[in-house]
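One letter stands for each residue in the lines below.
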Amino acid sequence: QFLGPVKSIVSKRAAEVDGILLSVEVLKQPFAELRFEAFDRSNRERWREVMEQFDASVKDNEEVCKVFIENSFQELTSAEAAFDLVTSFERIESRPSINAHVAGRFQDILHRYNDELSELIRLFQCGKSDPPKVKECPPVASAVAWATSLYKRAKRMVLRFKARSGLLESPF
């Protein structure tokens, strides 16, 4: 179902997803309510009008979907959440223009990850001389645990990027 897998990720915007799904369902209505024989050549002009109206409605829905994708993407706070959203959108059978719009988000995810990596480096630089203490652990073990957690935060997304063929080869 169109946008169904995305609903759980953007649960704050579930009503908006429902509205988009409803607008997609409404696209079927003119075809179900035809008052003429669509395959009769004498109705060619009427069929052309129905199709023009349908195409215009599809384009409107595509624009609504693109805005929804953009807004959903901007609300996410991490590269990992953005990656999850984009991969969810990719699993949806969709129009080529929406697929292209979604595919373009990977560059934004890489930029966001780069910012997150810079923040991790800053955290390490600030805390390396006096790392946070872990309750009931010796200072060295606390320092190792803290540095390992920073490393794992950085590594988790790199592994996800590597699993997606071609993503890390693209310049950003």
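Look up a bit, the structure's there.
Overview of the structure. Remember, predicted model here, so these are calculated numbers, not experimental data.

Thresholds applied
Residues numbered from 1 in each chain as written. Predicted model: local features only at pLDDT ≥ 70, side-chain atom pairs only at ≥ 80, totals over all residues. Heavy atoms only, no water. Helix = DSSP H or I, 4+ residues; strand = E, 2+ residues; numbered from the N terminus. Buried < 20%, exposed > 50% of the residue type's maximum accessible area, 1.4 Å probe, protein only. Contact = heavy atoms within 4.5 Å. Areas by Shrake-Rupley, 256 points an atom, 1.4 Å probe, with all protein chains shown as cover. Salt bridge = Lys/Arg side-chain N within 4 Å of Asp/Glu carboxyl O. Axes fitted to C-alpha atoms, helices over the stretch in contact; angles between N-to-C directions. Parallel < 35°, antiparallel > 145°, perpendicular 65-115°, else oblique. Left-handed = near helix turned anticlockwise from the far one by under 90°. Phe/Tyr/Trp six-rings, centres within 6.5 Å; stacked < 30°, edge-to-face > 60°.

## Examining the overall build of the protein
Summing up its helical and strand segments, the protein has seven helices and zero strands in all. Traced from its N-terminal end to its C-terminal end, the protein shows the element sequence α-α-α-α-α-α-α. By the burial criterion, 29% of the 172 residues in the protein qualify as buried. Summarising the internal contacts of the protein: among those between residues at least 6 apart in sequence, 63% fall at separations of at least 24. For the protein, the accessible area works out to roughly 11300 Å², and carbon and sulfur atoms hold 56% of it.

## As for the pattern of salt bridges
With the rule as written, the count across this model stands at 12 salt bridges. Of the charged contacts in the structure, one is a salt bridge between Glu63 and Lys66, with a shortest N-O distance of 3.6 Å. Of this pair, Glu63 and Lys66 both sit in helix α3 (residues 44–75), three residues apart, which is roughly one turn of that helix. According to the relative accessible area criterion, Glu63 is partly exposed, its value standing at 45%. The salt bridge partner of Asp84 is Arg160, with a shortest N-O separation of 2.5 Å. With Asp84 in helix α4 (residues 79–90) and Arg160 in helix α7 (residues 139–163), this pair connects stretches of sequence that are 76 residues apart. Look at the salt bridges and you will find they share partners, linking Glu80, Asp84, Arg156 and Arg160 into a network.

## Re the packing of α4 against α7
Relative orientation of the contacting elements α4 and α7 amounts to 25°, with a least axis distance of 10 Å. By the criterion of interaxial angle, the relationship of α4 to α7 is roughly parallel. In this structure, α4 meets α7 at a crossing whose hand is left-handed. Where α4 approaches α7, its residues Ala79, Glu80, Phe83 and Asp84 are matched on the opposing element by Arg156, Met157, Arg160 and Phe161.

## Side note on the packing of α3 against α4
The geometry of α3 relative to α4 is characterised by a closest axis approach of 9 Å and an angle of 155° between their N-to-C directions. In terms of axis orientation, α3 runs roughly antiparallel to α4. Between α3 and α4 lies a crossing whose hand is right-handed. Counted together, Phe68, Ile69, Ser72 and Phe73 of α3 and Ala82, Leu85, Val86 and Phe89 of α4 form the full contact between these two elements.

## Section: the packing of aromatic side chains
Scanning the model with the defined rule gives six aromatic pairs in all. Judged by centre distance (5.8 Å) and plane angle (70°), the rings of Phe83 and Phe106 are edge-to-face. Here Phe83, found in helix α4, pairs with Phe106, found in helix α6 (residues 105–127); they are 23 residues apart in sequence, far enough to count as distant. Look at Phe106 and you get buried, because its relative accessible area is 6%. Measuring from ring centre to ring centre gives 5.3 Å for Tyr113 and Phe161, while their planes differ by 85°; the resulting arrangement is edge-to-face. Here Tyr113, found in helix α6, pairs with Phe161, found in helix α7; they are 48 residues apart in sequence, far enough to count as distant. One exposure class covers both Tyr113 and Phe161, and it is buried.

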